[in-house]
Amino acid sequence: MLRLLATIRKEWLLLLRDRTGLTLLFAMPLVLITVMAMIEDAPFRDYQELKFDILTVDNDHGRLGRYIREGLEYTGQFEVVDSMNGKPVTQQQALDLVNKGDYKICIVIPKGATGAIVSNANRIVNDISKRMGIPATLPVGTKKDSLNVAVYFDPASKKAFKSAIHQALDNFLTQVETDLLLERIKQQLRKKDMPETDTMEIRLKAVGLQEQLTGPSKQIDVISNSVQHNVPAWSIFAMFFIVIPIAGNMIREREDGSLLRMKLIPGSYLAILAGKMLFFVCICVVQFYLMIQVGIHLLPLLGLPKLVLGQSHAAALMVAISIGLTATAYGILVGTIFKTPNQALNFGAISIVILSAIGGIWIPLEIMPPHMQFIGRLSPLSWGLDAINDIYLRNMGVVHIGGNTGKLVICAVVMLCIAGAVEKRRMS
Amino acid sequence: MTSISVQDLHKTYKGALEPSLSGLSFSFPKGAMVGLLGPNGAGKTTTISILCGLVKADGGQARIFDLPQDAANREAIKRITGIVPQQIALFPHLTAVENLTYFGNLYGMKGKPLRSRIDEYLQMFGLEKAGNKEVHRFSGGMKRRTNIIAAILHQPQLLILDEPTAGVDVQSRSMILQFLREYNNQGVSIVYTSHLLEEAQTICREVVIIDEGKVVVQGETAALIARHPECRNLEDVFLHYTGHAVRD
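Residues numbered from 1 in each chain as written. Chains lettered and ligands numbered in written order. Predicted model: local features only at pLDDT ≥ 70, side-chain atom pairs only at ≥ 80, totals over all residues. Heavy atoms only, no water.

If you check an unreviewed UniProt entry, chain A appears there as ABC transporter permease from Chitinophaga tropicalis. A UniProt comment under Subcellular location (unreviewed entry) is attached to chain A, and it reads "Cell membrane". (UniProt positions renumbered as here; feature names shortened; annotations may be inferred.)

Student: Residues and numbers for the packing of helix α1 (residues 2–17) of chain A against helix α3 (residues 96–106) of chain B, please.
Tutor: Between α1 of chain A and α3 of chain B, the shortest axis-to-axis distance is 8 Å and the interhelical angle comes to 160°. The angle between α1 of chain A and α3 of chain B places the two elements in the roughly antiparallel class. Judged by the sense of rotation from one axis to the other, the crossing of α1 of chain A with α3 of chain B is left-handed. Of the residues in α3 of chain B, those in contact with Leu-2, Arg-3, Ala-6, Thr-7, Arg-9, Lys-10, Leu-13 and Arg-17 of chain A of α1 of chain A are Glu-98, Thr-101, Tyr-102, Asn-105 and Leu-106 of chain B. Its residues assigned to classes, the contact of α1 of chain A with α3 of chain B comprises 5 nonpolar, 3 polar and 5 charged. (Axes fitted to C-alpha atoms, helices over the stretch in contact; angles between N-to-C directions. Helix = DSSP H or I, 4+ residues; strand = E, 2+ residues; numbered from the N terminus. Parallel < 35°, antiparallel > 145°, perpendicular 65-115°, else oblique. Left-handed = near helix turned anticlockwise from the far one by under 90°. Contact = heavy atoms within 4.5 Å. Nonpolar A, V, L, I, M, F, W, Y, C, P; charged D, E, K, R; others polar.)

Student: Can you tell me about the pattern of salt bridges, naming the residues and giving the values?
Tutor: For the structure shown, the criterion picks out 15 salt bridges over all chains. Where Arg-17 of chain A meets Glu-98 of chain B, a salt bridge forms, and the shortest distance between an N and an O atom there is 2.7 Å. One end of the pair, Arg-17 of chain A, is in helix α1; the other, Glu-98 of chain B, is in helix α3, on a second chain. Asp-58 of chain B is the partner of Lys-11 of chain B in a salt bridge, and the nearest nitrogen-oxygen pair spans 3.7 Å. Residue Lys-11 of chain B is found in strand β1 (residues 2–11), and its partner Asp-58 of chain B is found in the loop between α1 (44–52) and β4 (59–64); the two are separated by 47 residues along the sequence. Salt bridges sharing common partners tie together Lys-10, Glu-11, Glu-253 and Lys-276 of chain A. (Salt bridge = Lys/Arg side-chain N within 4 Å of Asp/Glu carboxyl O.)

Student: Could you give me a rundown of the side chain of Thr-336 of chain A, with the residues and numbers involved?
Tutor: Residue and element names in this part refer to chain A. One can find Thr-336 in helix α12 (residues 313–337). Thr-336 sits in the buried class, given a relative accessible area of 3%. A polar contact of 2.5 Å, which involves the side chain of Thr-336, links it to the backbone oxygen of Ile-332. Ignoring sequence-local partners within four residues, the contact set of Thr-336 consists of Met-250, Arg-254, Ala-419, Val-422, Glu-423 and Arg-426. (Buried < 20%, exposed > 50% of the residue type's maximum accessible area, 1.4 Å probe, protein only. Polar contact = N/O pair within 3.5 Å; in protein donor to acceptor, adjacent residues only side chain to side chain.)

Student: Any details on the nonpolar core? Residues and values, ideally.
Tutor: By size, the foremost hydrophobic cluster in this structure holds 66 residues, and its most contacted members are Ile-236, Phe-240, Ile-242, Ile-361 and Tyr-392 of chain A. Residue assignment for this core shows that the elements contributing at least two residues are α2 (19–39), α8 (226–240), α9 (243–256), α11 (269–301), α12, α13 (341–358), α15 (380–392) and α16 (402–427) of chain A. Here this core takes 14 residues from α11 of chain A, the largest share from any one element. For Phe-240 of chain A, the contacting residues outside a window of four places in its chain are Ile-323, Thr-326, Ala-327, Tyr-330, Ile-352, Pro-380 and Leu-381 of chain A. Grouped together as the second largest cluster of nonpolar side chains are 59 residues, Phe-91, Ala-96, Leu-100 and Leu-234 of chain B included. (Core = buried A, V, L, I, M, F, W, Y, C linked by side-chain atoms within 4.5 Å.)

Student: Give a description of the sheet that holds strand β1 (residues 52–58) of chain A that names residues and reports values.
Tutor: Residue and element names in this part refer to chain A. Pairing in this open sheet of 4 strands is mixed, and the strands run β2-β1-β5-β6 from one edge to the other. The open sheet has two edge strands with one neighbour each: β2 (78–81) and β6 (150–153). Direction aside, the axes of adjacent strands within the sheet are offset by 25° on average. Of the strand pairs in this sheet, β1 and β2 are connected by 4 bridges, and their pairing is parallel. Among the inter-strand pairings, Ile-54 is bridged to a residue of β2, identified as Val-80. Packing against the sheet, helix α5 (residues 91–100) makes contact with β1, β5 (105–109) and β6, and its axis sits at approximately 155° to β1. (Pairing = 2+ DSSP bridges.)

Student: Can you lay out the packing of α2 of chain A against α11 of chain A for me, pointing to particular residues and giving the numbers?
Tutor: Residues and elements named next belong to chain A. At a closest axis distance of 10 Å, the pairing of α2 and α11 adopts a crossing angle of 40°. Taken as axis vectors, α2 and α11 run oblique relative to one another. Considering only the axes of α2 and α11, their crossing is right-handed. Counted together, Leu-25, Phe-26, Pro-29, Leu-30, Ile-33, Thr-34 and Ala-37 of α2 and Ile-283, Val-286, Gln-287, Leu-290, Met-291, Val-294, Leu-298 and Leu-299 of α11 form the full contact between these two elements. Tallied by class, residues from the contact of α2 with α11 come to 13 nonpolar, 2 polar and no charged.

Student: An account of the domain arrangement of chain A is needed here, citing residue identities and associated values.
Tutor: Assigned domains of chain A: these are domain 1 (2–44 + 225–427) and domain 2 (48–193). On a C-alpha basis, the centroid separation for the pair domain 1 of chain A and domain 2 of chain A is 54 Å. (Domains from an automatic or database assignment.)

Student: An account of the interface of chain A and chain B is requested, with residue identities and associated values reported.
Tutor: The interface is formed by 26 residues belonging to chain A together with 32 residues belonging to chain B. Of the roughly 2,600 Å² buried between chain A and chain B on both sides combined, carbon and sulfur atoms contribute 64%. Ranking the residues of chain A by area buried against chain B places Arg-17, Arg-261 and Leu-264 of chain A at the top, with a combined share of 28%. For the interface between chain A and chain B, the tally reads 2 salt bridges. When the shortest N-O distance is used, the salt bridge between Glu-134 of chain B and Arg-17 of chain A registers 3.8 Å. The tally of links between chain A and chain B comes to 9 residue pairs in polar contact (both at pLDDT 80 or more). Secondary structure elements with two or more residues in the side of chain A that touches chain B: α1, α9 and α10 (258–264) of chain A. The element that contributes the greatest number of residues to the side of chain A that touches chain B is α1 of chain A, accounting for 9 residues. (Buried area = accessible area lost by both parts, 1.4 Å probe.)

Student: Could you give an account of the pairing of β4 of chain B, naming the residues involved and the relevant values?
Tutor: All names here are of chain B. Here 5 bridges tie β1 to β4, and the two strands are oriented antiparallel to one another. In the sheet register, Ser-5 faces β4, and the bridge partner there is Arg-63. When β4 meets strand β5 (residues 67–68), the two strands line up antiparallel, connected through 2 bridges. Each residue of the ladder has a partner; that of Ile-64, found in β5, is Leu-67. Hairpin remark: β4 followed by β5, antiparallel, with 2 residues in the connecting loop; positive phi at Phe-65, about 45°.

Student: Please set out the packing of aromatic side chains residue by residue, giving values where relevant.
Tutor: Summed over all chains, the structure comprises 13 aromatic pairs over all chains. Between Phe-288 of chain A and Tyr-289 of chain A, the aromatic rings sit 5.2 Å apart at their centres with planes inclined by 90°, giving edge-to-face as the arrangement. A relative accessible area of 0% means that Phe-288 of chain A is categorised as buried. Note on Phe-91 of chain B and Phe-103 of chain B: the rings are 5.8 Å apart at their centroids and 10° apart in plane angle, and the pair reads as stacked. Taken together, the residues Phe-91 of chain B in the loop between β6 (81–84) and α3 and Phe-103 of chain B in helix α3 connect sequence positions 12 residues apart. An identical accessibility class is assigned to Phe-91 of chain B and Phe-103 of chain B; each is buried. Cluster of aromatic residues (ring-pair linked, three or more members): Trp-234, Phe-237, Phe-241 and Trp-362 of chain A. Directly above the ring of Phe-103 of chain B sits Arg-261 of chain A, whose terminal nitrogen or CZ lies 5.4 Å from the centroid. One residue, Lys-263 of chain A, lies across the ring of Tyr-269 of chain A, its end atom 5.3 Å from the ring centre. (Phe/Tyr/Trp six-rings, centres within 6.5 Å; stacked < 30°, edge-to-face > 60°. Lys NZ or Arg CZ within 6 Å of the ring centre and 35° of its normal.)

Have a look at this one:
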C-alpha cells in the first residue's frame, strides 16, 4: 500500500511541477468540447428546426401564390422573400442569387397554377357529384397537363438538405391541394341540401402520430442534439488523450534511469504501476466531470442546449472510470512499445484520432456504412460512447452498461498484459 | 563468506555477433572494496546487470552473499544490495528530498526514521541546503551524490557503483571517494567500476580486470603493480593486460 500511495504522491508532485502541462491537461479538453459542440450544432439540428430565407417568384398571382406564401410563413421554418428594393423578384434574378449561394432555395410558382389546382379540384368534385346523382356544375379548365412549382437549390446544398426541404414543400403543396379539394366538396354539398350557416367540419386526421418514450424513464424526451452527442463524445476523445502524458512519463522514466532504480528496489513493480494508473484514472475522471459541467453550465450560455444527464450517476461514474482505465492502459502500452517520446506522441495522437473517427465520436456510428459500423464497434471509444448514451439518452443504469464497461476493462487488462510481455522481452 | 561469486558466466544478447560474457569467474570476500575494471565492451555492465537480476545469464551462476541470483532469491538480494547506476536515476523535477522520500517509501521506510536518515545522508554529502531544490537544477556533482544516497537509503551490505564519479569536479569526487572508504570501513562490501584508474588505484584494495567477457587478471592492486616492474601504476597494468588497441 505504501508503494501505491507513494507513487500517487510522486505523480501528483510531478504534475504540479509542470504548471503548463497541468493547465493544458484540463483546459484544452474544455476548449475542445466547447468548440466542437458549437461547430457541430448546425448539422445536428433537424432541418425543421432551422429557418431559411426562401425566394419566391409568383408568376401565378392567384390564390395558390397567396396560400403558399401564408403557408410557408405559418410553418415558421421559412421567411418568404418575394421582393427586393421594393420590386418583385424576377425569375432570372432569383436564379442568379441562388446560384451564387446568397440564398439556399427559390420556388417559382408557374402562371395558371391556381387555375390548375382549382380546376383539378372541380373535376374531382364534379366526378363524385355525378356518381352521387348530383348535377356537376363546377367549372373545369380545358388544359389537362399538370403544372409544376419549380424548386431551385444552391448548387452547394447537401443531398440530405435538399431531400428534407423537398419533402417539406411537397407536404405543403399536398396540403394546399387537399384544402382546396375539401373546400370544393363542402361547397358542392352545401349547395345541395345544407343551410348557409352550417360549417360542416371535415376532419381528415382520424389517426395521428405521437412519439412516446421507449424506456421506463420518468424524464421527458431527451433529444440527441449537438450537446448531447458532442459533450460525451469529445469528453471520451479528450480522456483518451491522456495517452500522451502517460506514454511520455513512461519513456522519460526509462530514459532518465528512474525506472531502472524502481526495478532495483525489492517489491512488485505492479504496485508502482497500479499507483501510476490510479493517479491517471483519477485525472481522467476529473476531466470527464469538468467537461460535463461545461455541457451543463457553459454551453447553454452560448445558445446551445443544456446537457441532460441520465438518472444513474453511479453508472456514469462507472463508465468514466472504465474509460479512464482503458485510456491509461493504452498510454502504458504505447509508452512501453515506443522508445522515444516523438514516436509515442505521433502514434498515440494519430491512433486516437483514428479510433475516435471510426468509433462514432466525430459522426454517429449509425450513419456510417455497414462495414464501417462493424469496424467502429471494435473501437473502445465507441463502447464508452454507447455506455454514456445508454445512461444519458436511454436512462439506463449500472446493470445495463455492464456489457460496454466490461469490454473496456477487458481491453485495459489485455493491453497491460501486452505491455508486460513487451517489457519482459526487452529486459531479457 | 563471499560477497560476490560468479562462476563461468555466459551471456550473448539476442542479435549480437559476439558474446558479452564468455566464462567469467571471480569472487570477493565479504567487506572487500573491489574495482571491476575493463575497456569499453568488456562486459562490466552486463556483469553488474546479472548480479542485480536485471539480465538473465545464459549459463553459469552468480551468487551474492552465497545466495544464488535466481527468481527465488531476487527479492532478498535486492534488499541487501545497493546499486548506483551510471545514469542519474532520479526524477529531475522532484526535489532531492522528494526523490529520496519516494525511493525510501519503495523500500518500505516511512515517517520520521526515513526523514532522519535522509537528513543525515544529505548532510554527509554536503547537500543539506539543497534538499528542497529540484534535481534538474543541481550541478553534476550534486546529482551524483544524490544518486548515491538513493542507493544506500536502505543500508545495503553490498554496494555496486557504476562509474560514480563520471563528469564530476575534484571536490565532489574527493567527497564521494572519502565516503566510499568510510562506508567500506563500516563493513559494507563495495564493487566499483571506473575508467579512472588512478582513482581505482587509490581506493580499491583489490581489482578484477576483464576483457572480452573474461577475467584477464585479478588480485590485490599493490601486488599487481609490483608483479610487473615495467608498470608504474594501475593504468600501466591495465594496458599491459588489455593492450593499446582502441575499443568501440
